[in-house]
Amino acid sequence: MKNTLYPVFLKLDRLKMLIVGAGEVGCEKLTFLLKSSPDAHITVVAREVLPPVSELLEHYPDVDLNIIRKDFEPADTEGFDLVVAATNFEDLNRQVRDAAKARGALVNVADTPALCDFYLGSIVTRGSLKVAISTNGQSPTFAKRFRQWLEAILPEETDALLSHLKVFRDQLKGDFETKVKELNNLTASLVEERQNQQT
């Protein structure tokens, strides 16, 4: 099966997101979103809110997070760019999806790939480096394990390396092709040096 997804990195500080559901599924989605994008604008609509969801307000005091305790209504999707249906009820998730699509939003329906416009993949972050992992909805468990493996092997110094490479790039002269060749030569020598140290 070919993965035809096109990965993008969204600036969630410029978009409005709605999450419907604040149980275990909603809490998981919200936690990972805030971990990756603490400057996001997120509204949560749910009749019942687990304590860990409310505690996220304390953990991320500067985030624009609005929790509304009420039953979902289709009008709740008005004005949102991205909507996540994260309840344990299939009919309700479909109702959220239909309402959001009618208003032009992109939708993610938890654990229902066929109804999703986008997936919330596993993410590894090392400073400015961000790696997103997708299994095309086939195995979130594999994506999670692969994320854990990458987190274990990527050194904390990765961000410092990127900063040094940016300084080097900014000092390069010439056209784009010349700069790419110079950076390729530099990074190739770094890889070669690392391999020599391990042998």
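Residues numbered from 1 in each chain as written. Predicted model: local features only at pLDDT ≥ 70, side-chain atom pairs only at ≥ 80, totals over all residues. Heavy atoms only, no water.

Taken together, the side chains of Phe142, Phe146, Trp149 and Ile153 define a hydrophobic patch exposed on the protein surface, amounting to about 420 Å² of accessible area. Structurally, Phe142 is set in helix 4 (residues 140-153). (Patch = residues over 30% accessible without salt bridge, like charges linked within 9 Å, V, L, I, M, F, W, Y side chains within 5 Å. Areas by Shrake-Rupley, 256 points an atom, 1.4 Å probe, with all protein chains shown as cover. Salt bridge = Lys/Arg side-chain N within 4 Å of Asp/Glu carboxyl O. Helix = DSSP H or I, 4+ residues; strand = E, 2+ residues; numbered from the N terminus.)

So, on to the packing of aromatic side chains. By the definition in use, this model includes 2 aromatic pairs. Plain terms: the ring middles of Phe142 and Phe146 are 6.0 Å apart, the flat faces sit at 10 degrees to each other, and that makes the pair stacked. Taken together, the residues span about one helical turn, with Phe142 and Phe146 both in helix 4 at a distance of 4 residues. Residue class for Phe146 comes out partly exposed when judged on its relative accessible area of 31%. Taking 5.6 Å as the distance between ring centres and 20 degrees as the angle between the ring planes, the aromatic pair formed by Phe146 and Trp149 counts as stacked. Taken as a pair, Phe146 and Trp149 lie in helix 4 at a separation of 3 residues, close to a single helical turn. Taken together, the ring pairs in this structure connect Phe142, Phe146 and Trp149 into an aromatic cluster. In this arrangement the basic side chain of Lys16 is found over the ring face of Phe80, its NZ or CZ atom lying 5.2 Å from the centre. (Phe/Tyr/Trp six-rings, centres within 6.5 Å; stacked < 30°, edge-to-face > 60°. Buried < 20%, exposed > 50% of the residue type's maximum accessible area, 1.4 Å probe, protein only. Lys NZ or Arg CZ within 6 Å of the ring centre and 35° of its normal.)

Once that is clear, we can look at helix 1 (residues 24-36). Taking 1.5 Å as the rise per residue, helix 1 with 13 residues should run 18 Å; its terminal C-alpha atoms sit 19 Å apart, in good agreement. Every buried residue of helix 1 is listed here: Val25, Gly26, Cys27, Lys29, Leu30, Leu33 and Leu34. Taken together, the buried residues of helix 1 touch strand 1 (16-22), strand 2 (41-49), helix 2 (51-59), strand 3 (64-69), strand 4 (82-85) and strand 5 (106-109). (Expected span 1.5 Å × (residues − 1). Contact = heavy atoms within 4.5 Å.)

Strand pairing within a sheet occurs via backbone hydrogen bonds; the two strands may be parallel or antiparallel. The 5 strands lie next to each other as 3-2-1-4-5, forming an open sheet whose pairing is parallel. Strands at the two margins of the open sheet, each flanked by one partner only, are strand 3 and strand 5. Ignoring which end each strand starts from, the neighbouring axes of this sheet average 15 degrees apart. Sheet analysis places strand 4 next to strand 5, joined by 4 bridges and oriented parallel. Each residue of the ladder has a partner; that of Val83, found in strand 5, is Val107. Strands strand 1, strand 4 and strand 5 of the sheet are contacted by helix 3 (residues 90-102), whose axis makes an angle of about 170 degrees with strand 5. (Pairing = 2+ DSSP bridges. Axes fitted to C-alpha atoms, helices over the stretch in contact; angles between N-to-C directions.)

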